[in-house]
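A closer look at the structure
This is what each chain is made of:
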Amino acid sequence: MRTGLLKHSNYMEFVRSVPSFKTLTEDVLSKVADVLEETHYSDGDYIIRQGATGDTFFIISDGQVRVTQQKSANEEPAFLSTLSRGDWFGEQALKGEDVRTANVTAIGDVTCLVVDRESFKQLIGGLDNMSNKMY
Ligand code: 6FW
């Protein structure tokens, strides 16, 4: 099998397993699998920095990340949550304002699959838990 096809079928298996993607059709999942870009991070790396502009959506395929948020200037960022395989983040900057609302850092080695803004908008952004996500 060509490596491109192998990659696509691996990504298909993964995106089918993402709980939030349960309502997406096979056709849409296949398009998602087509556009995924794999990115790797090491312990402590910033995947997202609060206040930066951003136009990408992330799904964790391996490892764990820590989400923190600075509520006001000259204050330590407060812990918000830990995310792991199958969890996603980065949707806030893709709706309306393009500013990142929290920090996301790698806990150990992390692999993410990244979706660009346009593909997110076309394929994923319409899902209830994305467009209505409130914290
Ligand atoms: C939070 N408050 C804010 C998380 C993601 C999905 C689910 C928890 Cl279902 P962005 C930074 C990203 C942001 C969100 C993510 O951090 N995030 C939060 C919170 O309490 N953001 N403002 N918790 S993790 C999470 C549950 O995805 O998107 O583009 O970048 O602002």
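Residues numbered from 1 in each chain as written. Predicted model: local features only at pLDDT ≥ 70, side-chain atom pairs only at ≥ 80, totals over all residues. Heavy atoms only, no water.

**Some remarks on the site of the ligand**
Going by this rule: Working definition: residue near molecule or strand if any one of its non-hydrogen atoms lies within 4 Å of it. Two N or O atoms count as a polar contact when they lie within 3.5 Å, although within protein this holds only if one can serve as hydrogen donor and the other as acceptor, and sequence-adjacent residues are included solely when both atoms are side-chain atoms. Under the convention used here, a 1.4 Å probe and the Shrake-Rupley method define accessible areas, while residue burial counts only the protein chains that appear. A run of H or I in DSSP counts as a helix once it spans at least four residues, and a run of E counts as a strand once it spans at least two, with each numbered from the N terminus. Residues are sorted three ways: Asp, Glu, Lys and Arg are charged, Ala, Val, Leu, Ile, Met, Phe, Trp, Tyr, Cys and Pro are nonpolar, and all the rest, Gly among them, are polar.
Inspection of the region around the ligand gives 17 residues, with Gly90, Glu91, Ala93, Arg100 and Thr101 positioned closest. Interatomic distance of 2.6 Å between a side-chain N/O atom of Glu91 and an oxygen atom of the ligand. In this structure, Thr101 approaches the ligand through a side-chain N or O atom, which is 2.6 Å from an oxygen atom. Its free accessible area being 620 Å², the ligand has 84% of it covered by the protein chains. Elements represented by at least two residues in the shell around the ligand include exactly strand 3 (56–69), strand 4 (78–84) and strand 5 (88–89). The element that contributes the greatest number of residues to the shell around the ligand is strand 4, accounting for three residues. Across the shell around the ligand, the residue classes break down as nine nonpolar, five polar and three charged.

**Thoughts on the packing of helix 1 (residues 3–17) against helix 2 (residues 26–35)**
This is how the line gets drawn: Comment: axis = line fitted to C-alpha atoms, over the contacting stretch for helices; angle = value between 0 and 180 degrees taken between N-to-C directions. With respect to orientation, any angle under 35 degrees is reported as roughly parallel, any angle over 145 as roughly antiparallel, any angle of 65 to 115 as roughly perpendicular, and every other angle as oblique. Two helices crossing with the near one rotated counterclockwise from the far one by less than a right angle form a left-handed crossing, whereas a clockwise rotation gives a right-handed crossing. Whether two residues touch is decided by their heavy atoms; if any such pair falls within 4.5 Å, the residues are in contact.
Direction vectors running N to C along helix 1 and helix 2 enclose 125°, while the axes themselves pass 9 Å from each other. With respect to helix 2, the element helix 1 is oriented oblique. Two packed elements cross with a definite hand, and for helix 1 against helix 2 that hand is right-handed. Residues His8, Tyr11, Met12, Val15 and Arg16 of helix 1 touch helix 2, and the partners they reach there are Glu26, Leu29, Ser30, Val32, Ala33 and Asp34. Looking at side-chain class alone, the contact of helix 1 with helix 2 contains six nonpolar, two polar and three charged residues.

**Thoughts on helix 2**
Defined as follows: Residue burial is assigned from relative accessible area. The probe radius is 1.4 Å, only protein chains are included, and a residue is buried under 20% of its type maximum, exposed over 50%, and partly exposed in between. By construction, the arc corresponds to the directions joining the helix axis to the C-beta atoms.
Buried within helix 2 are the following residues: Val28, Leu29, Val32 and Ala33. Along helix 2, the residues classed as buried sweep out an arc of 145° about the axis, all on the same side. In this structure, the buried side of helix 2 is in contact with helix 1 and helix 3 (117–124).

**As for the side chain of Glu91**
Structurally, Glu91 can be placed in the loop between strand 5 and strand 6 (103–116). Here the side chain of Glu91 touches Gln92 through a polar contact of 2.9 Å, side chain to side chain. Within the local environment of Glu91, its side chain forms a polar contact with the side chain of Tyr135, the two groups lying 2.5 Å apart. Those residues in contact with Glu91 that sit more than four places away from it in its chain are Phe57, Phe120, Met130, Lys133 and Tyr135.

**Description of the packing of aromatic side chains**
In this description, a pair of aromatic rings is defined by centroid distance and the angle of the planes. To keep it simple, the criterion reads: The pairing test for Phe, Tyr and Trp rings, Trp by its six-membered ring, is centres within 6.5 Å, and the orientation test on the planes gives stacked under 30 degrees, edge-to-face over 60, and tilted for anything in between. Counted as over-ring charges are cases with an Arg CZ or a Lys NZ within 6 Å of the ring centre that also lie within 35 degrees of the ring normal.
What the rule picks out here adds up to three aromatic pairs. With a centroid separation of 5.9 Å and 35° between ring planes, the pair formed by Phe57 and Trp88 is classed as tilted. With a gap of 31 residues between them, Phe57 in strand 3 and Trp88 in strand 5 connect regions that are remote in the sequence. Among the residues examined, Phe57 registers a relative accessible area of 0% and is labelled buried. Given the relative accessible area of 13%, Trp88 is considered buried. With a centroid separation of 5.0 Å and an interplanar angle of 5°, the aromatic rings of Phe58 and Phe89 are classed as stacked. Of this pair, Phe58 sits in strand 3 while Phe89 sits in strand 5, placing them 31 residues apart in sequence. Judged by its relative accessible area of 5%, Phe58 falls in the buried class. Using a relative accessible area of 5% as the deciding quantity, one classes Phe89 as buried. Connected via pairs of aromatic rings, a cluster forms that spans Phe57, Trp88 and Phe120. The ring of Tyr46 has Arg49 lying over it, and the distance from NZ or CZ to the ring centre is 3.9 Å.

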